[in-house]
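# Coordinate analysis (summary)
As a plain string of letters, each chain reads:
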Amino acid sequence: MRAAASVRAATTGLLLAHRLREQVPVWAPILEAARISTTCRHHPHRAATTTIFLSETEFGPRRGPRQGLFLFGPGALARHNGGFCAGVTLFAPLTEVRHLKSCIGQEVALRGWVRNARTSKTRFIELRDGSGFVQCVVGASEADAESYETAGKLTQESAISLTGIVQSHPKTGEPEILVKSLKLIAPSVDFPITPKDHGIEFLMDHRTLWLRSKRQWAIIRVRHTIVKAIRDFFDTDGFTLLDAPILTPSSCEGTSSLFETDYFHEGMAFLSQSGQLYQEPGVPAFGKVYCFGPTFRAEKSKTRRHLTEFWMVEPEMAFAGLEDVMQLGERMTKFILQRVLEGRQEELKILERDTAPLEIALKESFGRMSYTDSVAKLKELGSDINWGEDFGNDDETMLMNSMDRPLWVHRFPKSFKAFYMAFDPQSPELALGADLLAPEGYGEVIGGGERSSDIDYLLTQIEHHGLNLADYEWYLDVRRFGGVQHAGFGMGLERAVAWICRLPHVRETIPYPRMMGTLRP
RNA sequence: UCCGGUGUAGCUCAGUUGGUUAGAGCGCUAGACUGUUAAUCUGGAUGUCGGAGGUUCGAGUCCUCUCACCGGAGCCA
């Protein structure tokens, strides 16, 4: 089927082409170029290849290739006619798998990689192009002989281009391609990750190739949506982005171990384990700020919830206390859940994620429990925890087993919280902090609270924690010059992704995980 | 770092109280068959049994050391 572009569309293309003629080299980088065969009505024997630019940036996906709105680059047509020929016939416009649902009945061209090829009389190719997955059917009667031959010899992860008619799968109803022609762009020999099971060590060693798998594709796309949701949430909520440095002169919290590196005459620099202390000076400057970037912990912890390099979003706001932190964290979490549930259904389905718990977390108010109450409850449940001790992993799961939604645990003993935490004026042994525990065994996702505005208290805290006062002078300035109540939190991105995707381990939530024993690839 | 476990074909694994020529499935390869979907069926090729040392007539199997990985704990987001 040859989809002839209407005269009007062709004329539009012609006009655009004239306008673009000089600009194409400049525009090219932002346009997507595809070489597509075209023929001219007046010179049918001069079938030629020209370059067509499909610009989604300019025209949006709704006016995609099937509408025939193209920008014509200077090509063969310009040569034989001294300009552009209006009688252009286009066929098989290049598209992406994600657009196929709106292309039923059209002829399209696709490029991508062979996920799996089942050879038989009718040949089936599972194609992925990064935007989605589609089955391509190569039948002896529909495809040309050479293409049919090629389709029978395809190996896993070969790169191919093809043209064909988009139709509905007779059984599933999903779009599939009835192939007319197929070309091998680049072969792939002995792709290591076969369709059968693999061990985690092998997969981690081949992380770059593992990213091509359906499961990893789904996870990384959910991660992307979560990152975008986080940014959109703060950007539209009046927060200003205040990037925190990654190279820092000293420990931010003085607790966990840091990665060190030589830093000229300064001696040592450390990779940041939190941007929070650098957010606080942003509070009097911008009112509400956040940072979102990688952080590093040299902890020798090997668990399903730890990475040595992970991403953290850390908002900080003026004239705010513990209650504001819990409300902000809850709103943000729900915003993220909404975005994922709206836009990533296909990915959640691939991950076999039961979305019911996410729907509950989105609709219901999060639980709240003070540390003191939760210790009492844990004792009831049989834990040997004592007041004043931090939760162990078992305590956390025990506490969450009866919860069907996230839970805020608040007002911890000061003793095991960071030096800068404000204390509760009603019971000074308590810190005004709150942690958000995710359900389904995922545990702490957010930690935050109110920061102390009391400079004298902070001075004693710094001394008490054995920190070098000189390193914190700028931090104390936040209190010296118009210090006000302020509060914020940090959310570990990978833990959020792991929970929302319901993954057994955070190592799959980041493209290139860094862990205690993992630095490559 | 501590405790526990695993290491055998490219991958996932089986391999008996130590015994003679180390197996299966997948993948690969040749073919058959089929709107298939981790397709199926038939044939074929494929091994430093993690490494080093030791016990023994004989070690994939037992012992010692070592390396890698997995799971858990502590610490944390």
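What comes next concerns the included structure.

Thresholds applied
- Numbers given for residues are sequential positions, taken from 1 along each chain in its written order.
- For naming, the first written chain is A and the first written ligand is 1, with later ones following in the order written.
- At least 70 in pLDDT is required for a residue's local features to be given in this predicted model, at least 80 for side-chain atom pairs to be given and counted, and no such filter applies to totals for whole chains, interfaces and linings, which use all residues.
- Where side-chain values are given, they derive from all heavy atoms of the structure, hydrogens and water being excluded.
- Only DSSP runs of H or I with at least four residues qualify as helices, and only runs of E with at least two residues qualify as strands; both kinds are numbered from the N terminus onward.
- Three labels apply to residues, based on accessible area from a 1.4 Å probe with only protein chains included: buried if under 20% of the type maximum, exposed if over 50%, partly exposed otherwise in between.
- Contacts are assigned to residue pairs that have any heavy atoms within 4.5 Å of one another.
- Using a 1.4 Å probe, accessible areas were evaluated by the Shrake-Rupley method; residue-level cover was limited to the displayed protein chains.
- Buriedness for pockets is judged along seven lines, at least five of which must meet protein on both sides within 12 Å for an open set on the 1 Å grid over protein atoms alone, while cavities are sets there where a 1.4 Å probe fits but cannot get out, and lining residues have an atom within 4 Å of a point.
- Grid points are joined across faces, edges and corners, and a volume is the space filled by probe spheres set on the points.
- Each residue gets one label: Ala, Val, Leu, Ile, Met, Phe, Trp, Tyr, Cys and Pro are nonpolar, Asp, Glu, Lys and Arg are charged, and the others, such as Gly, are polar.
- Between any two strands, at least two bridges found by DSSP are needed for them to pair.
- Throughout, nonpolar core names a set of buried Ala, Val, Leu, Ile, Met, Phe, Trp, Tyr and Cys residues whose side chains join them through atoms within 4.5 Å.
- What makes a patch is a set of residues exposed beyond 30% relative accessible area and free of salt bridges, joined within 9 Å when like-charged and within 5 Å when nonpolar (Val, Leu, Ile, Met, Phe, Trp, Tyr).
- Salt bridge criterion: a side-chain nitrogen from Lys or Arg within 4 Å of a carboxyl oxygen from Asp or Glu.
- Throughout, an axis means a line fitted to C-alpha atoms (over the contacting stretch in the case of helices), and angles, computed between N-to-C directions, take values from 0 to 180 degrees.
- Roughly parallel here means an angle under 35 degrees, roughly antiparallel means over 145, roughly perpendicular means 65 to 115, and every remaining angle is called oblique.
- Pairing of aromatic side chains requires ring centres within 6.5 Å, counting the rings of Phe and Tyr and the six-membered ring of Trp. Pairs whose planes differ by under 30 degrees are stacked, by over 60 edge-to-face, and all others tilted.

Below, the discussion takes up the overall build of chain A. When helices and strands are counted, chain A shows 18 helices and 21 strands. Every one of the 521 residues in chain A was classed for burial, and the buried ones make up 50%. In chain A, the proportion of contacts linking residues at least 24 apart, taken out of those at least 6 apart, comes to 65%. Surface accessibility of chain A: about 25300 Å² in total, with carbon and sulfur atoms responsible for 52%.

Here we take up the layout of surface pockets. Looking at the second largest pocket, its volume works out to about 700 Å³. Lining the second largest pocket are 21 residues, with Lys-101, Phe-133, Glu-174, Pro-175 and Glu-346 sitting closest to its centre. Partitioning the lining of the second largest pocket into residue classes produces 6 nonpolar, 5 polar and 10 charged.

Across the sheet, 3 strands lie side by side as β11-β13-β12; this open sheet has antiparallel pairing. Each of the sheet's edge strands pairs with one partner strand only, and the pair in question is β11 (247–248) and β12 (260–263). Taken together, the 2 bridges between β11 and strand β13 (residues 267–271) define a ladder with antiparallel strand orientation. Counted as the bridge partner of Thr-248 is Phe-270 from β13.

With that out of the way, let us pick up the environment of Gly-329. Secondary-structure assignment places Gly-329 in helix α11 (residues 322–343). Residues Gly-329 and Glu-347 lie 18 residues apart in sequence; the distance between their C-alpha atoms is 25 Å. When neighbours within four sequence positions are excluded, Gly-329 is seen to be in contact with Trp-408, Ile-446 and Phe-489.

In this structure, Ile-226, Ile-230, Phe-234, Met-332, Ile-336, Met-491 and Ile-500 are the most contacted members of the largest nonpolar core, which totals 61 residues. Contact partners of Met-491, with chain neighbours within four places excluded, come to Ile-230, Trp-311, Met-312, Val-313, Met-332, Ile-336, Val-445, Ile-446 and Ala-496. Formed by 21 residues, the second largest nonpolar core is a distinct cluster that contains Leu-100, Val-108, Val-134 and Ile-177.

The next subject is unusual backbone geometry. Excluding glycine, a negative phi dihedral is what most residues carry, and trans is how most peptide bonds are arranged. The phi dihedral of Asp-190 is positive, around 55°, even though this residue is not glycine. In this fold, Asp-190 is placed in the loop between β9 (175–186) and α6 (200–205). Phi is positive for Phe-319, close to 50°, though the residue is something other than glycine. You can see Phe-319 is positioned in the loop between β15 (309–318) and α11. Judged by relative accessible area, Phe-319 falls into the exposed class, the value being 63%.

Right, let's talk about a nonpolar patch on the surface for a bit. Taken together, Leu-247, Tyr-263 and Phe-264 make up a surface patch of nonpolar side chains, about 340 Å² in accessible area. With respect to the helices and strands, Tyr-263 occurs in strand β12.

Our focus in this paragraph is the packing of helix α14 (residues 371–381) against helix α15 (residues 393–400). It is at 10 Å that the axes of α14 and α15 come closest, and there the two elements cross at 90°. Viewed along their axes, α14 and α15 adopt a mutual orientation that is roughly perpendicular. Note on element contacts: α15 touches α14 through Asp-395, Met-398 and Leu-399, opposite Ser-374, Lys-377, Leu-378 and Leu-381. When its residues are assigned to classes, the contact of α14 with α15 shows 4 nonpolar, 1 polar and 2 charged.

By the definition in use, this model includes 18 aromatic pairs. With 6.0 Å between their ring centres and 85° between their planes, Phe-292 and Trp-311 make a pair best called edge-to-face. Residue Phe-292 is located in strand β14 (residues 288–296), and its partner Trp-311 is located in strand β15; the two are separated by 19 residues in the primary sequence. Trp-311 sits in the partly exposed class, given a relative accessible area of 29%. Each ring, one from Tyr-371 and one from Phe-391, has its centre 5.7 Å from the other, and the planes form 20°; the classification is stacked.

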